Amino acid sequence: MTELTPARTRVAPSPTGDPHVGTAFMALFDKAWAAKTGGSFVLRIEDTDQNRLVEGSEQQIHDTLAWLGLSPDEGPLEGGEFGPYRQSERLETYRPFVERLIADGHAYYCWCSPERLAELRKEQDATKAARTGYDRLCLGKTREERAKLPGFTETPVVRMLVPDDAPLTFTDIIRGEVKAPFPDDQVILKADGFPTYHMAVVVDDHLMGITTVVRGEEWISSTPKHLLLYRWLGFPEPQYAHMPLLRNTDRSKISKRRNPAARLMWFREQGYLPEAVRNFLQLLGYPPADDDSEVATFEEFVENFSWDKVNTTGPVFDVKKLDWLNGHYIRALGADELTERIVAFHVERGDWDSVIDIDVLRRAVPLVSERMTLLGDALPKLGFLFADRVEVEEAARASLPGNAAEVLDAGIDVLETMPFDAASIQAGLREKLVDGLGIKPKFAFGPLRVGLTGAKVSPPLFESMEILGREETLTRLRALRETL
Ligand code: GLU
């Protein structure tokens, strides 16, 4: 196998709200490619759009990436030799490059007011103009010349001067040759002195030594602008990997407005395990070689990583598959670890009940893990273990057979004396009720279950008795017996 050149990859989210699931999807591929090639994965915070910043959003980006095991090698918290890793702390970096573009005739000042630009757009729409975008009114004019014309503002922006022969095709390592539309004279420096995304992304990717730009396919149409900037500034071009957009089951683009699962925090709030979510994102990237490899660790994913396997037709976000994976990972945890995660989940959600004895929970968790999909599924099934008194559900009471009193009496009788482990309890009860009294198991154990748990359906009965202990078991059975 040929030695791979160490890649430097980056994920570059904007802290404009709850992190999007797409950010984790990119980060997974960034981290995998860096790991595969022995390179590094960088987190850069793209916070140049000051109007859209949301307090706390950056912290959520750090937290959710860490939760998923996708923390970067370099970033605002991790540090690194290419910092700072927040664009707002790099403002001084961009200006000289903008000035160089202006001096070289590749960029120009534009004093057009927002009103004039809006008017222009309206006109172009109305006349269905062949060429839309900025009409270059300011190009070649000095400030004084421009000021004499209508629609002038004091503080200019800087625009790229896109040449007629701008390159429109590029090679993408997932998609092969890609063609993008002809770009507009894009603003690269805003009136507030902040660079736009397009300027900052090119300068930063270059200065941070990024070799492989992994991002969503919505950026394909911006790539020609970026390639022009690379060319003008004399920077070598990076490789591009434009990932498919994740889609809802109706194939619409996944958005936070329409699908709660678009929010990365949602998974944690719902009780998904990070390893299941990470595995799920792997599957969204590309189908595994066979069904048996659907469950795969990050290391296995890296081992088999390949860009040309990436599915370019929007992978569908199928929560059923995620549920299945989550159940799998839940059962793969030992009782100790699963208990810890259940407790942490409820504490984080703010509904942890302090009457719950964690040692009891740890013993009971294996009784329900087979039927768990989410971390929050355990406690509702096990609530009877921690209750002082059993409330018998109406349906459970109605299900009691005519001989319930007899069954309970016989059961109580057996349980008073026998060794109190699940196997002995089962053998003893079976002998007395099924073999001795000739009652079908369904009717023999039903009243005991109702007495013990208050419900018709419960976790395994004999194990539950063992956990509750003889005294509590008998108290509960007697309490039901008294009501009959
Ligand atoms: N800040 C951009 C975003 O949030 C990054 C796009 C890119 O990766 O180039 O989508």
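Residues numbered from 1 in each chain as written. Predicted model: local features only at pLDDT ≥ 70, side-chain atom pairs only at ≥ 80, totals over all residues. Heavy atoms only, no water.

*Asks:* Would you mind showing me how to read the pairing of strand E5 (residues 169-172) here?
*Replies:* Here E5 shows a clear split, with Phe-170 and Asp-172 buried on one side and none of Thr-169 and Thr-171 buried on the other. With four bridges joining them, E5 and strand E6 (residues 176-179) adopt antiparallel strand pairing. Following the sheet pairing, Thr-169 is matched in E6 by Lys-179. Taking the residues that link successive antiparallel strands as the turn, the E5-E6 hairpin has three residues. (Buried < 20%, exposed > 50% of the residue type's maximum accessible area, 1.4 Å probe, protein only. Helix = DSSP H or I, 4+ residues; strand = E, 2+ residues; numbered from the N terminus. Pairing = 2+ DSSP bridges.)

*Asks:* Just to check I follow, could you spell out the site of the ligand for this structure?
*Replies:* Around the ligand, a shell composed of Arg-10, Ala-12, Pro-13, Ser-14, Glu-46, Tyr-197, Val-201, Arg-215 and Trp-219 is seen. At 3.2 Å, a side-chain N or O of Ser-14 approaches a nitrogen atom of the ligand. Between the ligand and Glu-46 there is a distance of 2.6 Å, counted from a nitrogen atom to a side-chain nitrogen or oxygen. Out of a free accessible area of 300 Å², the ligand has 81% covered by protein chains. In the shell around the ligand, the residues fall into five nonpolar, one polar and three charged. (Near = heavy atom within 4 Å. Polar contact = N/O pair within 3.5 Å; in protein donor to acceptor, adjacent residues only side chain to side chain. Areas by Shrake-Rupley, 256 points an atom, 1.4 Å probe, with all protein chains shown as cover. Nonpolar A, V, L, I, M, F, W, Y, C, P; charged D, E, K, R; others polar.)

*Asks:* I tried to follow helix H1 (residues 21-37) on my own but got confused; where do I start?
*Replies:* Note: α-helices contain 3.6 residues per turn, so residues at a spacing of three or four share the same orientation. For H1, spanning 17 residues, the distance from its first C-alpha to its last is 25 Å, which sits close to the expected 24 Å at 1.5 Å a residue. Here H1 lies mainly inside the structure; 15 of its 17 residues are buried. (Expected span 1.5 Å × (residues − 1).)

*Asks:* What is the right way to read the side chain of Asn-248 from this model?
*Replies:* Secondary-structure assignment places Asn-248 in the loop between strand E9 (239-243) and helix H8 (264-270). A polar side-chain atom of Asn-248 sits 3.4 Å from the main-chain carbonyl oxygen of Lys-253. The contacts of Asn-248, once residues within four sequence positions are left out, are Lys-253, Ile-254, Asn-259 and Val-316. (Contact = heavy atoms within 4.5 Å.)

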